[in-house]
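Architecture at a glance
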Amino acid sequence: TFGKEIIRKFNSNISAMKHLATRDFEDLLQCMLPVFEGLLPGNDNTMVLDLLLDLATWYSFAKL
């Protein structure tokens, strides 16, 4: 069994996942930031990371 704070294993194709549970969105947001860091050049990378951080922040406020 897993605890509440455990990130579960993803499906092999994230974009094909259907009927996601809330915990799946949370796990995806937690794992996206380090994956996208440095992926794009310069300003584009900063904008994408800011957007992901905003999404994670909104999600955490929604959980309150």
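Everything numeric in this text was worked out from a predicted model, so none of it was measured. Here the residue index of a chain counts from 1 through its sequence in written order. Where local features are concerned, this predicted model is filtered to residues with pLDDT of at least 70; where side-chain atom pairs are given and counted, the filter is 80 or more; whole-chain, interface and lining totals use all residues. In computing side-chain values, all of the structure's heavy atoms are included and hydrogens and water are not.

**A look at a nonpolar patch on the surface**
A patch is a set of surface residues, each over 30% in relative accessible area and not in a salt bridge, joined within 9 Å for like charges and within 5 Å for the nonpolar side chains Val, Leu, Ile, Met, Phe, Trp and Tyr. Per-residue accessibility takes into account occlusion by the displayed protein chains alone, with areas from the Shrake-Rupley method and a 1.4 Å probe. Salt bridge criterion: a side-chain nitrogen from Lys or Arg within 4 Å of a carboxyl oxygen from Asp or Glu. A cluster of nonpolar side chains, contributed by Leu51, Leu55, Trp58, Phe61 and Leu64, occupies part of the molecular surface with about 640 Å² of accessible area. Runs of E in the DSSP output that reach at least two residues are strands. Runs of H or I that reach at least four are helices, and both are numbered from the N terminus. Mapped onto the elements, Leu55 comes out in helix α2 (residues 42-63).

**Some details on α2**
To estimate how far a helix should extend, the number of its residues minus one is multiplied by 1.5 Å. Relative to the 32 Å expected for 22 residues at 1.5 Å per residue, α2 spans 32 Å between its end C-alpha atoms, a close match to the ideal helical length. Here's how the labels work: a residue is buried when its accessible area is under 20% of the maximum for its type, exposed when over 50%, partly exposed in between, all with a 1.4 Å probe on protein chains only. Listing the buried residues of α2 in full gives Asn45, Leu52 and Tyr59. Mapping the buried residues of α2 onto a view down its axis gives an arc of 60 degrees, with all of them on the same face. Along α2, exposed side chains directed more than 90 degrees from the buried face belong to Gly42, Asn43, Met47, Leu51, Trp58 and Phe61. Contact partners of the buried residues in α2: α1 (22-36). It is the directions from the helix axis to the C-beta atoms whose arc is reported. It only takes one pair of heavy atoms within 4.5 Å for two residues to be counted as in contact.

**Things to note about the side chain of Asn45**
Structurally, Asn45 is set in helix α2. Polar side-chain contacts of Asn45 include one of 3.3 Å to the backbone nitrogen of Gly38. Ignoring anything within four residues of it in the chain, the contact list for Asn45 reads Phe36, Glu37, Gly38, Leu39 and Leu40. Each polar contact in these results corresponds to two N or O atoms within 3.5 Å; when the atoms are within protein, one needs to be able to donate a hydrogen and the other to accept it, and residues that are neighboring in sequence are counted only if both atoms are side-chain atoms.

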